[in-house]
Amino acid sequence: MKNGARNETDPYRVYCLCIDMIKSTKTGLELPTRQFDRFNQELVEQIKPHLEKLELSDALLKFTGDGWLLMTNHEKKIPPPVLPRAHHGEHLSE
């Protein structure tokens, strides 16, 4: 690899987080077009500050109509997986 260019044989990974908004398609179709457009614009404005805090402002954000696809190829920006915690006396098997 020279000058930061990726060799075609080097592995290339893209990480994608999918966020699904439950029942949003049904709900959106019940709204007048103007109100639905406004709702979608507000969603975009809502997620921006969160991306900035996570240093993901440069990630590709795709609004799908009923959720989000957040994609990046910057592996260092991907947090480690969060494992579920036991609730009130429950034990998680390893």
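Residues numbered from 1 in each chain as written. Predicted model: local features only at pLDDT ≥ 70, side-chain atom pairs only at ≥ 80, totals over all residues. Heavy atoms only, no water.

### Quick notes on the packing of aromatic side chains
- On inspection of all chains with the given rule, the structure shows 1 aromatic pair.
- For the ring pair phenylalanine 63 and tryptophan 68, a centre distance of 4.8 Å and an interplane angle of 50° mean the geometry is tilted.
- Relative accessible area serves as the criterion here: at 21%, phenylalanine 63 is assigned to the partly exposed category.
- For tryptophan 68, a relative accessible area of 5% gives the class buried. (Phe/Tyr/Trp six-rings, centres within 6.5 Å; stacked < 30°, edge-to-face > 60°. Buried < 20%, exposed > 50% of the residue type's maximum accessible area, 1.4 Å probe, protein only.)

### A closer look at the pairing of strand S3 (residues 67–72)
- Both strand S1 (residues 15–20) and S3 contribute to a ladder of 6 bridges, which runs antiparallel. Paired with aspartate 20 across the two strands is glycine 67, which belongs to S3.
- Sheet analysis places strand S2 (residues 60–63) next to S3, joined by 4 bridges and oriented antiparallel. Bridge pairing in S3 links phenylalanine 63 to tryptophan 68.
- Here S2 folds back onto S3 in antiparallel fashion, the turn holding 3 residues, of which glycine 65 has a positive phi close to 105°. (Pairing = 2+ DSSP bridges. Helix = DSSP H or I, 4+ residues; strand = E, 2+ residues; numbered from the N terminus.)

### Considerations on the nonpolar core
- Within the largest apolar cluster, 8 residues are counted, these being Met21, Leu43, Ile47, Leu51, Leu56, Ala59, Trp68 and Leu70.
- Only helix H2 (33–53) and S3 provide two or more residues apiece to this core.
- In terms of residue count, H2 provides more of this core than any other element does, 3 residues in total.
- Filtering out sequence-adjacent residues up to four positions away, isoleucine 47 remains in contact with Leu61 and Trp68. (Core = buried A, V, L, I, M, F, W, Y, C linked by side-chain atoms within 4.5 Å. Contact = heavy atoms within 4.5 Å.)

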